[in-house]
Number of protein chains: 2
Amino acid sequence: MAEHSGTGPGRTIPARATLGSVAARAGVSKQTVSNVINSPHMVREDTAAKVLAAIDELGYRPHRAAQQLRTRRSRVFALRVQNRFPDAVFDRFLHALTGAAGALDYRIMLYTADDDAGEITAYDELLDRWDIDGFVLTGTHPGDTRTAHLSRVGVPCVTFGRPWDDSGHHPWVDVDGAAGTRAATEHLVRQGHRRIGFLGWPDGSGVGGDRLSGWANAIRDAGLDLLPPSRAVNDAEQGRSAAAELIDRTHPTAIVCASDVLALGAISEITARGMNVGADVAVIGFDDTDISAVAGLSSLAQPLVDVAAHCARLLATLVENPSDSRPEQVLLEPQLVIRSSSAPVRR
Amino acid sequence: MAEHSGTGPGRTIPARATLGSVAARAGVSKQTVSNVINSPHMVREDTAAKVLAAIDELGYRPHRAAQQLRTRRSRVFALRVQNRFPDAVFDRFLHALTGAAGALDYRIMLYTADDDAGEITAYDELLDRWDIDGFVLTGTHPGDTRTAHLSRVGVPCVTFGRPWDDSGHHPWVDVDGAAGTRAATEHLVRQGHRRIGFLGWPDGSGVGGDRLSGWANAIRDAGLDLLPPSRAVNDAEQGRSAAAELIDRTHPTAIVCASDVLALGAISEITARGMNVGADVAVIGFDDTDISAVAGLSSLAQPLVDVAAHCARLLATLVENPSDSRPEQVLLEPQLVIRSSSAPVRR
């Protein structure tokens, strides 16, 4: 199994093809040859074909381990996991990211931290001890100092989540929450609903504000009354209380929710009042978690496989071509999954 | 911030405490000092106190990076993720394992593989390129060749899941599925049920057979009729068909299920027949996923935080003390979480 690559006595070293000889044969720069080997997605197909032909003709074998030593790359991205509560969206992203990074020959290393400050402390240790190539950050929020820190120390990062202030000029991938709640609201309008409320999170969350704005803009565009929204932290019981308050105050025939967890609270409240979810009050959630399918809840599915693929690609590009100075930013639309909870309005 | 530790001109090197001088001062072996530093949980408290006092007195500072070079340890465990479908139990284990490994100063590196053969191929690459200290395996099954492979190449591993044949003499941690379904069955007997069926997985799964046996033994011990079980793969629709068949054939007043997914199928079938879950037919699931809480499903919660802590501890022990030849094996009991789906039998 083991192929010895030492230079001990008795071994003859054949004339070896080099990056330079491959570049000369293909008529391209050494950087281009390196790109073909390390980040083929960055190279035009016809160029890549020329380089691969030259590699083949000259028998060039970039030994991977030697390559790592030369470039001082670990081919490892780090991702923080939160132990506080199960988060189906994060877990699906983590699985997809492991696959997407693997396809680009990177592995994912996990670490824990209690908060942003702890995360920043962890960066230094991870860089020092494991020579991490780059960081994938989640949970961006207004006042986030993490990306600025990584920028100062010159370490590549990508965030799943846009910067919610002017803190960062880094590549990011996000899901267009406003487009999602707009699609949900427009669906309900088409179902005949005219009193469509919103159950959201407390002020100050970028994601929450984004999801609220899509509903509000769709309501205005449809010329409907903008019912004052109710708010609760992301908990089914708190969501239920806020839904009760929303129903008593605004008498909606439909409720768009910032999350499946809040939607579950709304469903509990509607059911407890002896009303029928869907027929009496329609409900639409966000995230399309396992809960949605069980509860017959219409919801917005985040394209997490695509999010993860873009995150891996953007971070790999930044690691392999640090001079590429225009950080790419990708905004993806969620997809409305329609179930029984968003029935036509009862006439 | 940076404390230079080089030996350049102008630096005076104080007489340095060594592992040996600390051991001599504490009156213990060098191995014991090393254990206190690397695996304090393995050392008796009074011994650890003596060693820590000596470390303090002599100003001994085992530099972590130097220590890694010396021991050639990466302080990384690898874990395969499956991208095929969301699995709430695996995800909770993964989060808990990251925390538990972190507490012992190990990090988790994720990788993907399509099957066992792909996983075995991945071991070699992970060892070669990232110098992994040990592997955490999940999804053990009869005929599993993974642990035997790692044993042959002399790499430490621990499995979440017992070996279901005589393939492995390695440390493992598992949840006692039979104890769980026994507890579920005994709870139903106390609720007055006399016709208690079982909805399980097809033959050939070690976990499935284990969960079935707990139900069957509890039924026999209670002197009740052993109703022939129905079986389906782990899918709600398939579970629903199997539940329909079980109900038609054996007329149970309660059904113990091998998983929450199967239980969900049973709930769908019972509800579709216009019967009441709990009052007409009680249902108990396994895994206590998010689905359980939403569906009011009584279920068995796996102690995944404890499972992960034991996995991390056993693997760290094996890495740090390879001569410790008795592999420890830990079997933990799941806990029955009672909700509305397991109401007393209707008189």
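Calculation notes
Residues numbered from 1 in each chain as written. Chains lettered and ligands numbered in written order. Predicted model: local features only at pLDDT ≥ 70, side-chain atom pairs only at ≥ 80, totals over all residues. Heavy atoms only, no water. Pairing = 2+ DSSP bridges. Helix = DSSP H or I, 4+ residues; strand = E, 2+ residues; numbered from the N terminus. Axes fitted to C-alpha atoms, helices over the stretch in contact; angles between N-to-C directions. Least-squares fit on C-alpha atoms with pLDDT ≥ 70 in both. Contact = heavy atoms within 4.5 Å. Domains from an automatic or database assignment. Buried area = accessible area lost by both parts, 1.4 Å probe. Salt bridge = Lys/Arg side-chain N within 4 Å of Asp/Glu carboxyl O. Buried < 20%, exposed > 50% of the residue type's maximum accessible area, 1.4 Å probe, protein only. Arc of directions from axis to C-beta. Polar contact = N/O pair within 3.5 Å; in protein donor to acceptor, adjacent residues only side chain to side chain.

(A) The arrangement of the sheet that holds strand 3 (residues 134-138) of chain A in detail. A sheet is described by the order of its strands in space; here twelve strands give the open sequence 11(A)-5(A)-4(A)-3(A)-1(A)-2(A)-2(B)-1(B)-3(B)-4(B)-5(B)-11(B), paired in mixed fashion. Only two strands of the sheet have a single neighbouring strand rather than two, namely strand 11 (329-332) of chain A together with strand 11 (329-332) of chain B. With strand direction ignored, the average angle separating the axes of adjacent strands in the sheet is 20°. Sheet topology note: the strand 4 (residues 157-160) of chain B/strand 5 (residues 172-175) of chain B ladder contains two bridges and is parallel. Across the sheet, the residue bridging to Phe160(B) is Val173(B), located in strand 5 of chain B.

(B) Expanded view of the relation of the copies chain A and chain B. When chain A is fitted to chain B, the best match, at an RMSD of 0.2 Å, comes from turning it 180° and sliding it 0.1 Å along the axis. The transformation just described matches what one would write down for a two-fold rotation axis. In terms of proximity to the rotation axis, the leading residue of chain A is Met109(A), whose C-alpha is 2.2 Å off the axis. A shared binding surface is used by both copies, with 97% of the interface residues of chain A retained as interface residues in chain B.

(C) Spotlight on the domain arrangement of chain A. Residue and element names in this part refer to chain A. Entries for chain A in the domain assignment read domain 1 (4-62), domain 2 (72-175 + 304-332) and domain 3 (177-302 + 336-342). Computed over C-alpha atoms, the centres of domain 2 and domain 3 are 31 Å apart. Contact residues are listed per partner, giving nine residues for domain 2 and ten residues for domain 3. Approximately 770 Å² of surface area, both sides summed, lies buried where domain 2 meets domain 3, with 55% of it carried by carbon and sulfur atoms. With its nearest N and O atoms 3.2 Å apart, the salt bridge here joins aspartate 210 to arginine 162.

(D) Quick peek at the pairing of strand 5 (residues 172-175) of chain A. Residues and elements named next belong to chain A. Here strand 5 shows two buried faces, one formed by Trp172 and Asp174 and the other by Val173 and Val175. As paired strands, strand 5 and strand 11 are joined by four bridges and run parallel to one another. Bridging across to strand 11, tryptophan 172 finds its partner in glutamine 329.

(E) The pattern of salt bridges, seen in detail. The tally for this structure, following the rule as stated, stands at 54 salt bridges over all chains. Arg80(A) serves as the salt-bridge partner of Asp116(A), at 3.8 Å between the closest nitrogen and oxygen. Of the two residues, Asp116(A) sits in helix 6 (residues 116-130) while Arg80(A) sits in strand 1 (residues 76-81), which places them 36 residues apart along the sequence. Overall, the relative accessible area of 6% leaves Arg80(A) in the buried class. Between Arg107(B) and Glu125(A) there is a salt bridge whose closest N-O contact spans 3.3 Å. Note that Arg107(B) is positioned in strand 2 (residues 107-112) and Glu125(A) in helix 6, a pairing that runs across two chains. Overlapping salt bridges, with partners in common, bring together Arg75(A), Asp105(A), Arg107(A), Glu320(A), Glu125(B) and Arg129(B) in one network.

(F) Inspection of helix 1 (residues 19-26) of chain B at higher detail. All names here are of chain B. Considered for burial, the residues of helix 1 that qualify are Val22, Ala23 and Ala26. All buried residues of helix 1 project into a common sector of 100° when viewed along the axis, lining one side. Taken from the residues just after helix 1, glycine 27 is the one with a positive phi, measuring 70°.

(G) How the structure looks around the interface of chain A and chain B. Between chain A and chain B, the residue contacts involve 34 residues of the former and 34 residues of the latter. Carbon and sulfur atoms make up 58% of the surface buried where chain A meets chain B, a total of about 2,800 Å² over both sides. Considering only the side of chain A, the residues that lose the most area to chain B are His95(A), Arg107(A) and Arg129(A), jointly responsible for 23% of the buried surface there. Counting across the chain A and chain B interface gives four salt bridges. One can count ten residue pairs in polar contact (both at pLDDT 80 or more) joining chain A with chain B. Breaking the side of chain A that touches chain B down by element, the ones donating at least two residues are helix 4 (64-71), strand 1, helix 5 (88-103), strand 2 (107-112), helix 6 and helix 12 (290-295) of chain A.

(H) Region of the structure containing unusual backbone geometry. Residue and element names in this part refer to chain B. A positive phi angle is found at histidine 251, which is not glycine, with a value near 45°. With a relative accessible area of 54%, histidine 251 lands in the exposed category. Backbone geometry places aspartate 287, a non-glycine residue, at a positive phi of 120°. Here aspartate 287 shows up in the loop between strand 9 (282-284) and helix 12 (290-295).

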